[in-house]
Amino acid sequence: MTLSEEQLAEGFGAVSKVPSRTRVVARRFFASTQGRIGFAVLALMFLLAFAGPLISPWSYTDKDFTAFMQPPSTRHWFGTLQTGSDVFAVTLRGMQKSLVVGLLAALISTALAAVVGSFGGYFLGWTDRTLSWVTDLLLVLPAFLVLAILSPVFGPGQWALFVVMLALFLWMVTSKIVRGMAISVKQREFVQAARYMGVPPVRIIFRHVIPNLSSLLIVDATLNVSTAILTETSLSYFGFGIQPPDVSFGTLIADGSKTAVYAPWTFWFVAGLLVVTVLAVNLIGDALRDAFDPSSGRRR
Amino acid sequence: MAGFLARRLLSYAVLVSVAASLAYLLAATALDPRSNYADRTPKPPPAVVDAQLTALNLNDKTPLLQRYATWAGGVLHGDFGKTVTGAPVNEDLKRRMGVTFRLVIVGLICGSLLGVLVGALAAVRQYGWFDRLTTGLSFLVLAVPVVVLANVLILVATWANENVFGRYVFLVSGEYSDGLTTGFLGHLVDRLQHLILPTISLSVGLIAVFSRYQRNMMLDVLDADFVRTARAKGLSRRRALTRHALRTALIPVVTYFAFTFGALLTGATFTEKIFGWHGLGEQLINSIFSNDVNTVAAISLLAAVAVLAASFASDLLHAALDPRVRA
Amino acid sequence: MKPVLEVSDLTVSFGDVHAVRGVSWSVRRGEVLGIVGESGSGKSVTSAAIMGLLPPGAKVTGSVRLHDTELIGAPERALNSFRGRSISMVFQDPLSALTPVYRVGDQIAEAVRVHQRVSKEAAQVKAVELLDLVGIPRPAERALAFPHEFSGGMRQRVVIAMAIANDPDVIICDEPTTALDVTIQAQVLDVLKLAQARTGAAIIMITHDLGVVAGFADRVMVMYAGRSVEVGAVDDIYYRMRMPYTVGLLGSVPRVDSGGRPLTPIEGNPPSPAALPPGCPFAPRCPMRIDACDDEEPPLFPVGDGHHAACIRWEEVRPHEPARQPPAPDRAPRSERTVLEVSGLVKDYPLVKGAVFKRRVGTVHAVAGVSFDVREGETLGLVGESGSGKTTTLTQILELTAPQEGAIVVLGHDAARLDRARRTAIRRDMQVVFQDPLAALDPRMTVYDILAEPLRTHGTREPGRRVAELLDLVGLHPSHAARHPQSFSGGQRQRIGIARALALEPRLLVLDEPVSALDVSIQAGVLNLLGSLRARLGLSYLFVAHDLAVVRHIADRVAVMYLGRIAEIGRVDAVYDAPAHPYTQALLSAIPVPDPVRERSRERILLEGDLPSPADPPSGCRFRTRCPKFRAELTPDERVLCVDVEPEVRAVADDHGAACHYAKSREVV
């Protein structure tokens, strides 16, 4: 939908460059300390999760039968578990899974929220009533409860299904906010202008309404990443989420908390990495919000 | 007004019944009470298992809809059926409701009041040390899931009991100690000792959420015209902020309360389980493991009712605070 | 007499942005100083600086002396005791100036008790007295109401009551009537005059409206780019101005008392306070600019008794000669071809109460039987105050669906009988231009995409050439196509909005308050553009506006709406020069004219009270509850007709009708 280079060259001659919005937002984002810290830390976490196993002498399936429940040493950087597994290797494996689950669930749920919220808010009437009712229903049923009930369904290795289910229970609050904003964007004159121009409603939603909510959606997707990671952790902690042999932050913390008193390394490393990851994501989300909203800039 | 209330209650009733039915159907499909008998030694004969399951309305050989109809009929008469062990669900839940209620209410009050207070103070002295400190802390707290927080609290409390106090100041399991003979005051202290850690675990997150929200709402109204009017009248900054800004900024925070309630219930579930409180949340987790369909459905129904009651309460509170919506 | 408030060399800067750059003035007791300027001229920042209510981060230098006390740098405690007691303030937006959660009586009483040691009860009594003074009916009862239960005009009265609660020496009014309708503006200005008479306070009247100042102020200061560029007695400023900017401002204001006069827009845009040109800040827009203007910023030269102007060529500056009014051209007969016909249009809305406990409590009769037509090549101005139903009428036309009652016929097609394809086809021929040009353009699209959207929607594959044509048509450069709307000024944005509306070569253009969001100097340019486009492209306009002066300038015919019905309709000259409906008469008389001598001699017809609720309109004639004629002139027997029978529009002259049983022409402007 943007002006192609040829058209520019043909019709308009020299064009003064205007900084694009993406670039403005990026500049403002990286100008804030918390944005930089959050981004750097998260990048580091990803690097650790996916490149770390390459430098680790142990893989997450290896068992060292000479070292059970040993504290950190040069041989096992984070120590070992009761089974002789290397904590470093297992933690990174769990982190990979948690990061992937968090990212995917956040993307799916935000997309769902955007579509449901904006359709409800734009069309109002019966569409809205139906969608709002479904939203309310899912809000009334706490997500944890349904996911926990369904947990026997997620067999081993079916974490993809788990991601979808997780996403299905994360979108409601965002969708309510999107709906409210879609109602007000619909009142905005540029949407009215498009309507009176004869642009079909669905095209208006995807071309005018959702793009104008993109700042909210991007921020929300970011924050949903942390929500998804936290929810996944809690569910897996109680055995309702990721099933063995897959490991995640939640399963590791559950195992670690039992042995934490006498073997702190089994708990604190993974708990620390979880907190740092989520903190980084939240910092990014907050800095993004400020970068998108010019008026909030002076607040920080 | 009466008509409006009736419509609203009706729509709530519909939501609750659909939610509970959905929960029942999900639980009845996903959970497998028959497997409870598989590990028993000696293995009971299939006919006996069938008979027992049928008596409990848990037999997966009965068509799902028929089981649902039996369950729903019971619920309409206020009977939630029987647990897998044959005890009535009602009795069990009645006892546990009080436990959960106590935990949630104390956590909610501590969390929201402290949160609003902290947020308002942070907003008034924006960029001051207090603002920076609370902002940093709330970011940290929001990154710690309840399951980690609760475990950390237990670890820290255990360490403190041993190394700082030299005796048990924080009690980390259960609601009260059995067989205490210290009279009323002793009981009270004992209960408080048990209450303190779960309350912290539950309300710290709330404080963080509410303080962030209250701070932002405050900052929004700090620039509002009516605060400027109040200042132009000659009110000092402090009075203009407390009387005009804080009071007005409370309104959106109250509506926010309803949104957090679902999360609060989930948090209470984890807290109960980890601290060994015998409340509804703990029972929910246990009953999923024990394939206890009727208990799961009953707790889902109670949760739905609680969420809607919270949303209704937040609307009432909203109307009480804001004359514009009262009209 | 010693001035009560003296400002000297006041500067205010926010970081590198110098919002106010050395302003000096003083007011004496009982005097009214008008401060006039466009947005960004620094006029409102000045008032905030005097009150000491600037946001943190603002740097203030210079001196503000109240009696003999210096306010700049005074301790906060001292300022608190001055604010509201010696200096008080009336703000622009009465809707947000009151705390929504407290009763208005309590808010006024609070103002009293901050400075006076009186009991709560005494303060309440005083609050009721004040409400009575500012003309709130049933003050004891209304003191218990919340701000949202008051109309905008009534809230502004409450704010004024609060401002005079402690008999201040100075009242600063920052655009006190900008957010209000003209008849309400007249009421509020009246209250302000009364308040001044009661307290003897000096008033600083900050506004962009040259008409308001003409009738209200004793002295006037014109601000531009953070500086005072001309200051003097009100007659000096309006008749013997010595600054080209003042000349330009007065030349660009459409006036309700003279139509047909071409407006002279000021070229360009006001400079951004962050990037001021060297030398005289007005030089880039000044028709009299010479090279010396860029050398240094001119000081205020004394050009007469108490009259100063900041122009090095002040001796050559002459008032704008209004072009000789062309002898009224014989109006061409109306075209035979009708492009839009509305007959008996009715639209009701449910009236919902409560945000949390939502319930329907009645029906708003937003439009209650409206009929008019627009012929080819003609401009119909649809005017009315808020609540008159003009916007509802407009949306009903634009929706192109069957109206609740009545008929809308667009270009020969009845809107009730349109299929989807036909409706899309008609959308090509009927386009709309909105009020707020920034809101009407999607901020995420480039101008190219904005202009191409209607073309693509209606099947044009290669919109590039047409986009360039359109930009040229509205006076923009084709290279602007790659920019986003945010990087344009208000006037340019509105030109983009007009270009988009013209993209499909429509025949009828619906204009919804197209210039009311623009500064006067910019407004004139857009109005002139609309005028020339109509002539060149043979367009018909439906021009919806609340500003009768603008409508007089651009329209051929005008329809005045009141409470969902048309009060008066006809040729512009006929309606403006000899209005027959008492409402039109009151409306026209309420509009201030930028002409101090005329303003002083004009007689205002003040309407009482607010617009009745459209949910419960009065029986018979809707205007009778506020009608001066009904109240003062009619006999009880004559009134019966007004109470019982709703008047229809009846012709009072050729192409001039009024919906009044006792319509009688009267000259009011």
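Residues numbered from 1 in each chain as written. Chains lettered and ligands numbered in written order. Predicted model: local features only at pLDDT ≥ 70, side-chain atom pairs only at ≥ 80, totals over all residues. Heavy atoms only, no water.

### Remarks on the UniProt feature "transmembrane region" (unreviewed entry) in chain B
Residues and elements named next belong to chain B.
At step 1: Cross-referencing UniProt, the feature "transmembrane region" (unreviewed entry) maps to residues 12–31, 103–124, 136–160, 192–210, 245–270 and 296–317 in the present numbering.
At step 2: End-to-end, the C-alpha atoms of residues 136–160 are 25 Å apart, and along that stretch the chain is 88% helix and 0% strand.
At step 3: Secondary structure within residues 192–210 divides into 100% helix and 0% strand; the distance between the first and last C-alpha atoms comes to 25 Å. (UniProt positions renumbered as here; feature names shortened; annotations may be inferred. Helix = DSSP H or I, 4+ residues; strand = E, 2+ residues; numbered from the N terminus.)

### Observations concerning the interface of chain C and chain B
At step 1: If you look at the interface, chain C gives 32 residues, while chain B gives 30 residues.
At step 2: Each partner contributes to the roughly 3000 Å² buried at the junction of chain C and chain B, and carbon and sulfur atoms together form 62% of this total.
At step 3: Where chain C meets chain B, there are four salt bridges.
At step 4: Our count for the contact surface shared by chain C and chain B stands at 13 residue pairs in polar contact (both at pLDDT 80 or more).
At step 5: Secondary structure elements with two or more residues in the side of chain C that touches chain B: helix 2 (76–82), strand 6 (87–90) and helix 3 (104–115) of chain C.
At step 6: Sort the elements by how many residues they give to the side of chain C that touches chain B and helix 3 of chain C lands first, with five residues.
At step 7: Here the side of chain C that touches chain B is built from residues that sort into 17 nonpolar, eight polar and seven charged. (Contact = heavy atoms within 4.5 Å. Buried area = accessible area lost by both parts, 1.4 Å probe. Salt bridge = Lys/Arg side-chain N within 4 Å of Asp/Glu carboxyl O. Polar contact = N/O pair within 3.5 Å; in protein donor to acceptor, adjacent residues only side chain to side chain. Nonpolar A, V, L, I, M, F, W, Y, C, P; charged D, E, K, R; others polar.)

### Points about the UniProt feature "transmembrane region" (unreviewed entry) in chain A
At step 1: In the UniProt entry, the feature "transmembrane region" (unreviewed entry) is given for residues 37–55, 99–124, 131–153, 159–178 and 265–285 of chain A.
At step 2: Between the end C-alpha atoms of residues 37–55 of chain A there is a gap of 25 Å, over a span that is 100% helix and 0% strand.

### With respect to the pairing of strand 2 (residues 17–27) of chain C
All names here are of chain C.
At step 1: In this sheet, strand 2 lies alongside strand 1 (residues 5–14) in antiparallel orientation, the contact comprising eight bridges. Looking at strand 2, one finds that Val12 is bridged to Val20.
At step 2: Between strand 1 and strand 2, which pair antiparallel and follow one another directly, the connecting turn spans two residues, one of which, Gly15, has a positive phi of 60°. (Pairing = 2+ DSSP bridges.)

### Remarks on the sheet that holds strand 19 (residues 508–512) of chain C
Residues and elements named next belong to chain C.
At step 1: Taken together, eight strands build an open sheet; the order of strands is 18-19-20-15-21-22-24-23 and the sheet is mixed. Edge positions in the open sheet fall to strand 18 (430–433) and strand 23 (650–653), since each of these has one partner strand only. For this sheet, the mean angle separating the axes of adjacent strands, direction not counted, is 20°.
At step 2: The sheet strands contacting helix 11 (residues 390–399) are strand 15 (379–383), strand 18, strand 19, strand 20 (540–545) and strand 21 (557–562), and the helix crosses strand 20 at an angle near 145°.
At step 3: Here helix 12 (residues 420–429) sits on the sheet in contact with strand 18 and strand 19, set at roughly 55° to strand 18. (Axes fitted to C-alpha atoms, helices over the stretch in contact; angles between N-to-C directions.)

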